[in-house]
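What follows is each chain in one-letter form.
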Amino acid sequence: MMKACEIYKTGENEGKEKHVPEIEICKAEGKSGKDIVKIIVGKEISHPNTVEHHIAWAQLMGVKENGMVIDLGKINFAPSFTEPSADFHIPLSEFKSIIATSYCNLHGIWENSIDL
Ligand SMILES: [Fe+2]
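Considerations on the sheet that holds strand S3 (residues 35–41)
Strand order in the open sheet formed by three strands is S2-S3-S6, with antiparallel pairing between adjacent strands. Where the open sheet ends on each side, the last strands, each with one partner, are strand S2 (21–26) and strand S6 (85–90). When strand polarity is set aside, the average angle formed by the axes of neighbouring strands in this sheet is 20 degrees. Bridge analysis of S3 against S6 gives six bridges, and the strand direction is antiparallel.

What follows is the structure, encoded as structure tokens:
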């Protein structure tokens, strides 16, 4: 039986086009003093953004010290109109790590994570 983790790709699977969601953190610069976590797909080398081939969504999850997973948010991108990046305003101090995922309609789900 196939496991969910087998469909997630990382930087090791990258080809010429870039899919792995880059994670950037701006401490205490968000709304209500929260931290801003930026997810950017194709930061260095832009991923195609056409109806035929695009990043359809990105998601951010946080893992708490006790292992509990919090779905922090998900954003859908309109192909050809919206660049695949997003800002999430969250309290980073409540998490031990954050995990970002992105979905390309041709190349599947990609992941990146940061231990805090
Ligand atoms: Fe792709």
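Don't stop here, the text continues.
Regarding the nonpolar core
By size, the foremost hydrophobic cluster in this structure holds 15 residues, and its most contacted members are Val 37, Ile 39, Ile 55, Ala 58, Leu 60, Ile 98 and Ala 100. When residues of this core are traced back to their parent elements, those giving at least two are S3, strand S4 (55–63), S6 and strand S7 (97–104). In this structure Val 37 touches Ile 23, Ile 25, Leu 60, Phe 88, Ile 90 and Ile 98, once residues within four positions along its chain are discounted.

Some thoughts on the sheet that holds strand S5 (residues 69–76)
Read across the open sheet, the five strands follow the order S1-S8-S7-S4-S5; overall the sheet is mixed. The strands lining the two open edges of the sheet, one partner per strand, are strand S1 (8–9) and S5. In this structure, S4 lies alongside S7, joined through eight bridges in antiparallel fashion. If you follow Ala 58 over to S7, its bridge partner there is Ser 102.

Conventions we followed
Residues numbered from 1 in each chain as written. Predicted model: local features only at pLDDT ≥ 70, side-chain atom pairs only at ≥ 80, totals over all residues. Pairing = 2+ DSSP bridges. Helix = DSSP H or I, 4+ residues; strand = E, 2+ residues; numbered from the N terminus. Axes fitted to C-alpha atoms, helices over the stretch in contact; angles between N-to-C directions. Core = buried A, V, L, I, M, F, W, Y, C linked by C-beta atoms within 7 Å. Buried ≥ 20, exposed ≤ 12 C-beta atoms within 10 Å, placed from the backbone. Contact = placed C-beta atoms within 7 Å.

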